[in-house]
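Residue-level structural notes
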Amino acid sequence: MGPHPAVAAIRLAVRRVLHDILIDHTRPPGESSPPGPRGPLGPLVMVACSGGADSMALASALAFEAPKLGVRAGGITVDHGLQSGSDLRADDVVGRLVELGMAPVESLAVTVGRDGGPEAAARDARYAALDAAAERHGAAAILLGHTRDDQAETVLLGLARGSGIRSLSGMAEVSGAGGRYRRPFLHLDRQTARKACMVQSLPVWDDPHNADPAYTRSRLRHEGLPALEKALGKGVVGALARTAQLSRDDADALDAWARQAESSVRDTAGLLECAKLYALPPAVRRRILRRAAIEAGAPAGSLFARHIEEVDRLITGWRGQGVINLPGKVVAQRQGGRLVIRQS
């Protein structure tokens, strides 16, 4: 008798990702088929585990599948220090990961700042700690337990920001430097992960912040999405996840077009020529403007669609406007038919 369907589903998702990681990290140039691990030790793959159902299901699947493929399995938990007893919770998660046979396993304490709000600040601190741990341990990848439900929430949050198609594309299955972060569960729902933990008798921790209405994502999860499902039917989460993939494909194609077009709209001094920018489709032109602003020092996370629209009007609605102020003390202005974006 095989494993429970929920357990089989999470293991299959992790197995596929591990195969991808082996191909990415063990195939030498020119080799046509993926080899097995080279040397006495295979690559190290770590799981970022909060102790919640999603990440515990992911950890259990990694611990089961990794040895069969010659992959080393490790684990990391991040203590954000935002709740009383968070250090004890982190120690408990470390113990669970060790019981699963993982090594290395560690708890990372971080200091959460205030930039961008509590959720964004916690995320920034968490990823900085995970990046440092991956470098320190030489990990080939870090697995994250985001599910299809998380993807749907991310799409709706992007829609609320009105930041364009890239915001609607949600989370990528592979992201980070060198494809460091992998999300095996983006096609699985949250209930599958929880069911897998239950049938394996894996204890899980439910973060009270996930039910706290002070947090935007929590309100969306417990109020917004249920209201949409009530009005539109139970297929909303799946439809939003499909929207994310379709949007990502479109956004990737437009990004590639913008990269190719950028050199053709710059003069010999490297300045952007307004007439040539005007001739481009708006979606391509605005991508070039956004890239130029970021290269000049504007923080990507603080650069919104309204900023780019203001800069775009220097090209499409030129009436002698003055300097446009952008985040990061970056300014944009039109001078002699050229668009200058620089630090103020």
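Here the structure is a predicted model, which is why all the values come from computation and not from measurement.

So, the overall build of the protein chain
Along the protein chain, the regular secondary structure elements total 12 helices and 10 strands. Projected onto its principal axes, the C-alpha positions of the protein chain cover 70 × 50 × 40 Å. Of the roughly 17,300 Å² of accessible surface on the protein chain, a fraction of 54% belongs to carbon and sulfur atoms.

Describing the packing of helix H11 (residues 282–295) against helix H12 (residues 305–316)
It is at 10 Å that the axes of H11 and H12 come closest, and there the two elements cross at 115°. When you trace H11 past H12, the crossing you get is right-handed. Between H11, through Arg285, Arg286, Leu289 and Arg290, and H12, the contact on the second element is made entirely by Ile308, Val311, Asp312, Ile315 and Thr316. In terms of residue class, the contact of H11 with H12 is built from four nonpolar, one polar and four charged.

Brief notes about the side chain of Glu65
Looking at the secondary structure, you find Glu65 in helix H2 (residues 53–65). Using a relative accessible area of 1% as the deciding quantity, one classes Glu65 as buried. Look past the residues within four positions of Glu65 in its chain and what remains in contact with it is Arg11, Val14, Arg15 and Leu18.

A few points about helix H5 (residues 148–161)
If you check H5, its first and last C-alpha atoms are 20 Å apart, about what 14 residues at 1.5 Å a residue would give, namely 20 Å. Within H5, 10 of the 14 residues are buried, which leaves the element mostly enclosed by the surrounding structure. Within H5 the residues assigned to the buried category are Asp149, Asp150, Gln151, Ala152, Glu153, Thr154, Val155, Leu156, Leu157 and Gly158. Turning to H5, the residues buried within the fold contact H2, helix H6 (165–168), helix H7 (190–199), helix H8 (216–232) and helix H9 (236–262).

Quick notes on the pattern of salt bridges
Here the structure, examined in full by the defined rule, presents 26 salt bridges. Notably, a salt bridge pairs Glu229 with Lys234, separated by 3.9 Å at the nearest N-O pair. Within this structure, Asp150, Glu153, Arg190, Arg217 and Arg221 form a network of salt bridges that share partners.

Notes on the nonpolar core
Val14, Leu18, Ile21, Leu62, Met102, Leu143 and Phe185 are the most contacted members of the largest nonpolar core, which totals 38 residues. The element best represented in this core is helix H1 (residues 5–26), accounting for nine residues. Among all residues touching Leu143, those that are not within four sequence positions of it are Val14, Val17, Ile21, Val45, Met46, Val47, Ala48, Leu58, Leu62, Arg182 and Pro184. Of all hydrophobic cores here, the second largest spans 25 residues; its members include Ala298, Val311, Leu314 and Val330.

So, the sheet that holds strand S3 (residues 105–109)
If you walk across this open sheet you meet the six strands as S3-S2-S1-S4-S6-S5, and the pairing is mixed. Two strands close off the open sheet at either side, each with one partner strand: S3 and strand S5 (174–175). Across the sheet, helix H4 (residues 118–137) is in contact with strand S1 (44–48), strand S2 (72–79), S3, strand S4 (141–143) and strand S6 (181–182); its angle to S3 comes to roughly 140°.

Some remarks on the sheet that holds strand S10 (residues 338–343)
Within a sheet, each strand pairs with its neighbour through backbone hydrogen bonds, oriented either parallel or antiparallel. The antiparallel open sheet is built from four strands, whose spatial order is S7-S10-S9-S8. Taken across any chain shown, the strands that pair with only one partner, and hence form the sheet edges, are strand S7 (272–273) and strand S8 (324–326). Direction of pairing for S7 relative to S10: antiparallel, over a ladder of two bridges. Paired with Leu272 across the bridge in S10 is Leu339. Lying on the sheet, H11 is in contact with S7, S8, strand S9 (330–335) and S10; it crosses S10 at an angle near 35°.

Some details on the confidence of the model for the protein chain
Per-residue pLDDT for the protein chain has a mean of 90; in total, 95% of the residues score no lower than 70. Segment residues 32–39: pLDDT under 50, and 16 contacts once partners within four positions in sequence are set aside and those in other chains are kept.

Looking at the environment of Leu186
Mapped onto the fold, Leu186 is located in the loop between S6 and H7. In sequence terms Leu186 and Asp131 are 55 residues apart; their C-alpha atoms lie 21 Å from each other. Setting aside anything within four residues of it in sequence, one finds Leu186 in contact with His146, Thr147, Arg148, Gln151, Met171, Ala172 and Glu173.

A closer look at the packing of H8 against H9
Here H8 crosses H9 at 105°, and the two axes come no closer than 9 Å. Of the possible angle classes, the one that applies to H8 and H9 is roughly perpendicular. Side by side, H8 and H9 meet where Leu225, Leu228, Glu229 and Leu232 of the first sit next to Val236, Val237 and Leu240 of the second.

How each quantity is defined
Residues numbered from 1 in each chain as written. Predicted model: local features only at pLDDT ≥ 70, side-chain atom pairs only at ≥ 80, totals over all residues. Heavy atoms only, no water. Helix = DSSP H or I, 4+ residues; strand = E, 2+ residues; numbered from the N terminus. Areas by Shrake-Rupley, 256 points an atom, 1.4 Å probe, with all protein chains shown as cover. Axes fitted to C-alpha atoms, helices over the stretch in contact; angles between N-to-C directions. Left-handed = near helix turned anticlockwise from the far one by under 90°. Contact = heavy atoms within 4.5 Å. Nonpolar A, V, L, I, M, F, W, Y, C, P; charged D, E, K, R; others polar. Buried < 20%, exposed > 50% of the residue type's maximum accessible area, 1.4 Å probe, protein only. Expected span 1.5 Å × (residues − 1). Salt bridge = Lys/Arg side-chain N within 4 Å of Asp/Glu carboxyl O. Core = buried A, V, L, I, M, F, W, Y, C linked by side-chain atoms within 4.5 Å. Pairing = 2+ DSSP bridges. pLDDT = per-residue confidence, 0-100. Parallel < 35°, antiparallel > 145°, perpendicular 65-115°, else oblique.

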